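So you can see what is in the structure, the chains are spelled out below.
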Amino acid sequence: MSAAAEPAAIDPRHKRWALGIVAALILISVGTYAYHEYYLYLSVYLWFGFIYGMCLQYGRFCFSSAFRDLFAVGVPRMAVGIMIAIALFGLVGAFVSATGLSTFHAAPSSVHAVIAGFIFGVGMCFSGGCASGSMYKTGEGNMNALLVVLSISVTQAIFVDVGGWMNALVPESWTQSALGKGLPASITVTDGWVDQYLAGYVWDQPVMSFATLFGWTDKSVLGAFVGNLLVGVVLPGAALLAVVYAFWSRRGFMRKRVAAGSARPRWRDELAGYWAMIVGSKRTAIAGLALGIAAGLHMYATQGLRVKFGVRNAGPLLERMGSDFGLSVNGTVFDPGYWYVTTQEAQWVGWVMHKLGWNQLDNIYFGFNNGIPNPLINPADWMSIALFFGAAVMALLHREFKFKTPTLETATWAIIGGALMGIGSRLGLGCNVGAFFVRVSQGDPSGWLFGAGMVGGAYLGVKFFNWWTERRMAQQFA
Amino acid sequence: MKFEKQGDGLYRLDVTGYVCPHPQLYTKKALEKIGQGEILELVFDNPSSGESIAAMCDSAGNELVSQDLQGGKYTWKIRKAAG
C-alpha cells in the first residue's frame, strides 16, 4: 500500500461528542449506584457493552464478513480475527470455569442448530452485517444497520408468539412432548410454533460439552483446559485456519515470496505464510484479542456480583428495587452474564407489544425464560445501548462517524436479512455471538453446528449477490 | 452504484451508501473489467469494506496508489496488477 493519506487531526466537535458520551455513561453509572447499589450489576453490563462496541468498531469486527468475504472476495482477515477472539475467550473462560465462576450453560445439540445457522447465515449476508456487526455499524451512524437491528428485533418478538395457522405446522409428537413438560398454566404451550418447537423438540436434545464427552466436568481443570479449550477450541480452530490458509491465503503469500526471489516453498515458508495470515490485519487481530479477554472477564465480574448480592439471576435484584413487571414466571429475566445480542433486542419490542395489549408473557421465550422487564432497567439492554455508544466513540475518534440513510435497495436487503437473522436466532437459541462465538469458546459442540450452518448460509448468500452485482454491472455497461 | 470510464486508463466506481458486501463485490468485479495497469478510482463510505478491499488488493497484487478520507467518505485509487 503506498501513498496512504496522513492521518488528519480529529474534528474538535467529534472529540467533544466522544467525551460527552463517556461522561454521560460515567454519570449514569455513578448516579444510579448512588441511588441503589444493585445498579452496579447493570453498570458491569454497561461498561463491558461499551468495550465490545469500541472493539467491534476498531477492528471492523463483523462475523458476517468472516464467512462472506472468504467466498465473495477471498479475504480471510475476519475469519482469523474471530478465531483469535474465540481462542482468547476460550482461554479466559477456561480459567473462569475452573474456578467455578462461569455463567455459561451449554445448549442442546442437534441438527436444529445447523438449520438455524443456515437461515441466520443467509440473513447476515443479505443485511450486510451480523447481529453484533449491525449494532456497531449503527453506532457509526449507519441507519441501514439500525434498520437491520429493528428488523431482527421485531421479527423475533412476533416469531416467538405466533400460533394460529402455524400451530398446524407443528408435529403431533412435539405437542405431546411439550405438554408432558408440565409448564405453568400461564404458559400456553400448545399455542405457538416456537413454544412447541422449544418444549417439544429442542429441550429433548442432548446437552453436552467437549469436557463431558470425555467424562470430565466443566469445572475440573482437565475438563476446562483439555476438553473444552484444547479439544473444543484450539485444535479445531487451528485446523480451520490451516484450511483457510491453504485455500485463500497461501497463493498470494507464495507469489510475493517468489517475486522476492525465493525458490520452491518449504515448510518454513508455509509456517511463515500461516503466521503472516494471522497477523495480516493488525486492527482485526487486536480487536479479537481485546474482545476475547473482555468477554471472559465479563463472566467473572458478573458472577462475582451474583455471589456478592446472593442471587443467581438479576430478576430478584429488579424485584428488590421495586420493579417486578415483566419478570418471567420463574421470577427471572434475561441475564446471560456474558456477551449476547439478540434476546435483549427482542425484549425491547416484546415489552412494547405487551404494553400495547399483545400478551407476550404467555410464551416460553419471554414468559418462562427471559421476561420482558422495563428496557430502562433491563441488564442486557444496558450492554446493547452501551455497545452503540462504544462504537460511536471509536468512530468519532477515527473520523469514521457519518450519518447514512438507506436507499430503497439497501433498506430492502436490511429488512429481509434482519428478518432471517431474527428467525435463525430464535431457532438456534442465539445469534452469531450467543449461539456461535460464546458456545464455541466455552466448549459447547452446538456452537460449531450453528457455525457450520452459517458457513452454508453465507455461501448461498454470496452466490446470490454475485449474480446480483454482475447483473448491475452489466446494466452500467449496457 | 455508478461505474464509468473517466479517461484513458482511468475508471471510477462510486458505491457510496452501500454496506457490506456490495462495495467489495463491486470493486472485485470492476477490477476484473479494467485492464492491467489501469487505475480504478473507488469511492465508498462503509469503513469495514475498506479493510476487506485493502486485503483483497494485497492478496491479488493490486497497488493501492492513494487513500483519502474526507467527511466519512473514502476515495481510493487502485492500480490493477500487471500479469
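The residue count restarts for each chain, going from 1 along the sequence in the order it is written. Chains carry letters from A onward and ligands carry numbers from 1 onward, assigned in written order. With pLDDT at 70 or above as the cut-off, local features in this predicted model cover only qualifying residues; side-chain atom pairs require 80 or more to be listed or tallied, and sums for whole chains, interfaces and linings still use all residues. Side-chain numbers come from the whole structure's heavy atoms, not from hydrogens or water.

Enquirer: Quick rundown of the overall build of chain B? Include the residues and the values.
Expert: Segments assigned H or I by DSSP are reported as helices when at least four residues long, segments assigned E as strands when at least two residues long, and all are numbered from the N terminus. Looking only at helices and strands, chain B has two helices and five strands in total. Along its sequence from the N terminus, chain B presents helices and strands in the succession β-β-α-β-α-β-β. Against the globule reference of 12 Å for 83 residues, chain B gives a C-alpha radius of gyration of 11 Å, in line with a compact fold. Principal axes of the C-alpha set define a box for chain B whose edges measure 30 × 25 × 20 Å. A burial count over chain B gives 59% of its 83 residues as buried. Throughout, a residue-residue contact means that at least one pair of heavy atoms, one from each residue, lies within 4.5 Å. Of all intrachain contacts in chain B linking residues separated by at least 6 positions in sequence, the fraction that spans at least 24 positions is 62%. A radius of gyration in this sense is built from C-alpha atoms; the matching globule rule multiplies 2.2 Å by the number of residues raised to 0.38. Accessible area is worked out with a 1.4 Å probe on protein chains only. A residue is then buried under 20% of its type maximum, exposed over 50%, and partly exposed in between.

Enquirer: Describe the overall build of chain A, listing the residues and the values that go with them.
Expert: Scanning chain A from N- to C-terminus turns up 20 helices and zero strands. Taking 23 Å as the expected radius of gyration for a compact globule of 478 residues, we find that chain A reaches 23 Å, a close match to that expectation. Judged by the C-alpha coordinates and their principal axes, chain A covers about 75 × 60 × 55 Å. Within chain A, the fraction of its 478 residues that count as buried is 58%.

Enquirer: Please set out the packing of aromatic side chains residue by residue, giving values where relevant.
Expert: Think of it this way: a Phe, Tyr or Trp ring, Trp meaning its six-membered ring, pairs with another when their centres are within 6.5 Å, and the plane angle makes it stacked under 30 degrees, edge-to-face over 60, tilted otherwise. Scanning the entire structure with this criterion turns up 48 aromatic pairs over all chains. With 6.5 Å between their ring centres and 85 degrees between their planes, F436 of chain A and W448 of chain A make a pair best called edge-to-face. Taken together, the residues F436 of chain A in helix α19 (residues 432-441) and W448 of chain A in helix α20 (residues 445-477) connect sequence positions twelve residues apart. According to the relative accessible area criterion, W448 of chain A is buried, its value standing at 18%. A ring pair is formed by F3 of chain B and Y11 of chain B, whose centres lie 5.9 Å apart and whose planes are at 25 degrees; its orientation type is stacked. Among the residues examined, F3 of chain B registers a relative accessible area of 3% and is labelled buried. An aromatic cluster of three or more residues is present, and its members are F48, Y52, F61, F63, F67, F89, W339, F436, F437 and W448 of chain A. For the cation-ring pair, R283 of chain A lies above Y58 of chain A, with the distance from its terminal atom to the ring centre recorded as 4.6 Å. For a Lys NZ or an Arg CZ to count as sitting over a ring, it must be within 6 Å of the ring centre and within 35 degrees of the ring normal.

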